[in-house]
Amino acid sequence: ETRITSYGAVANDAFDGIIQIGATLSLDPVNKFYGYGKAVRRSLQMFLDMVNYDFGGLNVSGQRYGMRFTWVGDGANSKQVSNATAHASRLTDADFIFAGYASGYTTHAVKQSYAEGKLIMCGGAATPSVYSQNNLSFGFFPPSTSYTLSSLLAIAEKAAALDAGGTPNCGLDAAAG
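Procedures and definitions
- Residues numbered from 1 in each chain as written.
- Predicted model: local features only at pLDDT ≥ 70, side-chain atom pairs only at ≥ 80, totals over all residues.
- Heavy atoms only, no water.
- Helix = DSSP H or I, 4+ residues; strand = E, 2+ residues; numbered from the N terminus.
- Contact = heavy atoms within 4.5 Å.
- Areas by Shrake-Rupley, 256 points an atom, 1.4 Å probe, with all protein chains shown as cover.
- Axes fitted to C-alpha atoms, helices over the stretch in contact; angles between N-to-C directions.
- Left-handed = near helix turned anticlockwise from the far one by under 90°.
- Nonpolar A, V, L, I, M, F, W, Y, C, P; charged D, E, K, R; others polar.
- Expected span 1.5 Å × (residues − 1).
- Buried < 20%, exposed > 50% of the residue type's maximum accessible area, 1.4 Å probe, protein only.
- Polar contact = N/O pair within 3.5 Å; in protein donor to acceptor, adjacent residues only side chain to side chain.
- Salt bridge = Lys/Arg side-chain N within 4 Å of Asp/Glu carboxyl O.
- Core = buried A, V, L, I, M, F, W, Y, C linked by side-chain atoms within 4.5 Å.
- Phe/Tyr/Trp six-rings, centres within 6.5 Å; stacked < 30°, edge-to-face > 60°.

Engineer: Give a description of the overall build of the protein that names residues and reports values.
Structural biologist: The helix and strand tally for the protein stands at 5 helices and 7 strands. Along the protein, helices (α) and strands (β) appear in the sequence β-β-α-β-β-α-β-α-β-α-β-α when read from the amino end. The contacts of the protein with a sequence gap of at least 6 include a subset with a gap of at least 24, amounting to 57%. Carbon and sulfur atoms make up 56% of the accessible area of the protein, which amounts to about 10,100 Å² in all.

Engineer: Account for the packing of helix α2 (residues 78–91) against helix α3 (residues 103–116), with residues named and values stated.
Structural biologist: A pair of packed helices can be characterised by two numbers: the angle between their axes and the separation between those axes. Direction vectors running N to C along α2 and α3 enclose 35 degrees, while the axes themselves pass 8 Å from each other. Like other packed secondary-structure pairs, α2 and α3 cross with a definite hand, here right-handed. Along the contact surface, α2 presents Ser78, Val81, Ser82, Thr85, Ala86, Ser89 and Arg90, while α3 presents Tyr105, His108, Ala109, Gln112, Ser113 and Glu116. A per-class count over the contact of α2 with α3 returns 4 nonpolar, 7 polar and 2 charged.

Engineer: Report on α2, specifying residues and quantitative values.
Structural biologist: Relative to the 20 Å expected for 14 residues at 1.5 Å per residue, α2 spans 20 Å between its end C-alpha atoms, a close match to the ideal helical length. Where α2 is concerned, the buried positions are Val81, Ala84, Thr85, Ala86, Ala88 and Ser89. On its buried side, α2 packs onto β2 (17–25), β4 (63–73), β5 (96–99) and α3. At the N-terminal boundary of α2, the capping side chain belongs to Asn77, with an oxygen 2.7 Å from the backbone nitrogen of Lys79.

Engineer: Tell me about the pattern of salt bridges, and name the residues and values.
Structural biologist: Enumeration over the complete set of coordinates arrives at 3 salt bridges. Between Glu116 and Arg90 there is a salt bridge, with the nearest N and O atoms lying 2.7 Å from each other. In this pair, Glu116 sits in helix α3 while Arg90 sits in helix α2, placing the two residues 26 residues apart along the sequence. Under the relative-accessibility criterion, Arg90 is labelled exposed at 57%. Between Asp93 and Lys118 there is a salt bridge, with the nearest N and O atoms lying 3.4 Å from each other. Of this pair, Asp93 sits in the loop between α2 and β5 while Lys118 is found in the loop between α3 and β6 (119–122), placing the two residues 25 residues apart along the sequence. Judged by relative accessible area, Lys118 falls into the buried class, the value being 13%.

Engineer: Can you break down the side chain of Thr85 residue by residue, with the values?
Structural biologist: Locating Thr85 in the fold gives a position in helix α2. Take Thr85: its relative accessible area is 2%, and that puts it in the buried class. If near-sequence neighbours (up to four positions away) are discounted, Thr85 is found in contact with Thr24, Ile97, Ala109, Gln112 and Ser113.

Engineer: Explain the nonpolar core to me, and be specific about the residues and the numbers.
Structural biologist: Core analysis: the biggest nonpolar cluster contains 27 residues, and Phe69, Trp71, Phe98, Ile120 and Cys122 have the highest contact counts within it. Only β2, α1 (34–54), β4, β5, α3, β6 and α4 (128–132) provide two or more residues apiece to this core. In contact with Phe98, other than residues within four places in its own chain, are Ile21, Gly22, Ala23, Thr24, Val40, Leu44, Phe69, Ile120, Met121 and Gly123.

Engineer: An account of the packing of aromatic side chains is needed here, citing residue identities and associated values.
Structural biologist: Any aromatic ring pair is given by two values, namely how distant the centres are and how the planes are angled relative to each other. Counted according to the given criterion, the structure contains 6 aromatic pairs. When the centroid spacing of 5.7 Å and the interplanar angle of 80 degrees are considered together, the rings of Phe69 and Phe98 count as edge-to-face. With Phe69 in strand β4 and Phe98 in strand β5, the pair connects residues that are 29 residues apart, well separated along the chain. Ring geometry for Tyr101 and Tyr105: centres 4.8 Å apart, planes at 80 degrees, overall edge-to-face. When its relative accessible area of 6% is taken as the criterion, Tyr101 is described as buried. Owing to a relative accessible area of 14%, Tyr105 belongs among the buried residues under this scheme. Among the aromatic residues, those joined into a ring-pair cluster are Phe33, Tyr36, Tyr101 and Tyr105.

Right under this line is the structure:
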């Protein structure tokens, strides 16, 4: 049985409309990413409370819109993410899709949201291929290549200094102790 849970604005709240967001997460306590999914879900619930009730919704062209998330359990399984994304999109006729995982699972959600014709916000993906596969996906993280390359170059620089018999400056002030 697929677990489904929703949170946010409802029809009898004082909004001009509700923005529906479909999402997938691990919702079953026996799944390996359940703890992560619960943390993401609770963070988004706090966000929804702030937007809907502290700020009175989103102001779009003078009208107030509440927000509501509907999460569909994906079994913490990459093969289920596509199906769960489709279900989350269609269940409430979602206006947008949210992917809360890193790049691996999100790649599947992005492909399915594109097939559904929905814009997807990728909350944890940084791999450039997640975003380059279509024009309906966006995220907050910089491309992983931008920080992995600079980190590896910094490590190589410090290692070269050690190999040369020197002491690499690791950003620590020896006088500060």
